[in-house]
Amino acid sequence: MEIRIIETIIAVASFLVLRYLSRNFFAKIQNKYNYSKYRVRPILKFINLFLLITLIILIIAIWGVEQTKLLTFITSVLAVVGIALFAQWSILSNISSALIIFISHPVKLGESITIIDKEFDIKGQVSDIGLFYVILKTDTNEKIMIPNNVFLQKATKINNQ
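As the structure is a prediction and not an experimental result, all values here were calculated from the model. For every chain, the first residue of the written sequence is number 1, and numbering continues from 1 onward in sequence order. Only residues with pLDDT of 70 or above have their local features reported here, since the model is predicted, and side-chain atom pairs are shown and tallied only from 80 upward, although totals for entire chains, interfaces and linings are computed over all residues. Where side-chain values are given, they derive from all heavy atoms of the structure, hydrogens and water being excluded.

**Q** I keep staring at the packing of aromatic side chains and nothing clicks. Help me out?
**A** Within a pair of aromatic rings, the relevant descriptors are the distance that separates the centres and the angle that separates the planes. Any two of the Phe, Tyr and Trp rings considered here, Trp counted by its six-membered ring, make a pair once their centres fall within 6.5 Å; the pair's planes then place it as stacked at under 30 degrees, edge-to-face at over 60, or tilted in between. Here the structure, examined in full by the defined rule, presents one aromatic pair. When the ring of F25 is compared with that of F26, the centres are 5.3 Å apart and the planes differ by 80 degrees; the resulting orientation is edge-to-face. Judged by its relative accessible area of 15%, F26 is buried. Three labels apply to residues, based on accessible area from a 1.4 Å probe with only protein chains included: buried if under 20% of the type maximum, exposed if over 50%, partly exposed otherwise in between.

**Q** Honestly, the environment of P106 in this entry has me stumped. Any pointers?
**A** Note on conventions: DSSP H or I runs of at least 4 residues are helices, E runs of at least 2 residues are strands, and numbering of each starts at the N terminus. Within the secondary structure, P106 is located in the loop between α4 (89-104) and β1 (112-116). Among the residues examined, P106 registers a relative accessible area of 53% and is labelled exposed. Whether two residues are in contact is decided by their heavy atoms: any pair within 4.5 Å suffices. Setting aside chain neighbours within four positions, we find P106 in contact with R39, E111 and I158.

**Q** Honestly, the sheet that holds strand β2 (residues 122-129) in this entry has me stumped. Any pointers?
**A** Two orientations exist for strands paired in a sheet by backbone hydrogen bonds: parallel and antiparallel. On the basis of which strands lie adjacent, the open sheet formed by five strands has the order β4-β3-β2-β1-β5 and antiparallel pairing. Both outer strands of the open sheet, β4 (143-147) and β5 (155-158), are each paired with one neighbouring strand and no more. The average angle at which neighbouring strand axes cross in this sheet is 40 degrees, direction not considered. Two strands are counted as paired when DSSP detects at least two bridges linking them. Bridge count for β1 against β5 is four bridges, and the pairing is antiparallel. The partner of T114 across the bridge, within β5, is K157. Here an axis means a line fitted to C-alpha atoms, over the contact stretch when the element is a helix, while the angle between two N-to-C directions is reported on a 0 to 180 degree scale.

Pasting the structure below:
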């Protein structure tokens, strides 16, 4: 019983140390490349979620759940998630587009942009860049949500203010 408590404390301490190190690592990257905190925050959330899931699995394994049952449960959940993502290409496309926007797109929060389209141009100020949508706020205070994959495919003009 005491060994399980010690192993649990080590697992939690490792989780906290890895979380701290990842936060510092991405803070250095953010400062080095002058990224907005809004571009780094979703990546940190994903890493924290991954670390938390790993911690939960470790604690479950430490406290005696049979490995075969745990492995069966994990593979079942991953299979369902994989099928769901495969069935919804647009979701997977938007998430991967979000990573590209966070890392290398020149548009930043607060900038005024014009998205050039065949039918009509969309003008607005970037108010949020999320995992699925880029949200523009127009001059009339309307919010326009553009899926990330569409945002990457369209030509974007950054307006000088």
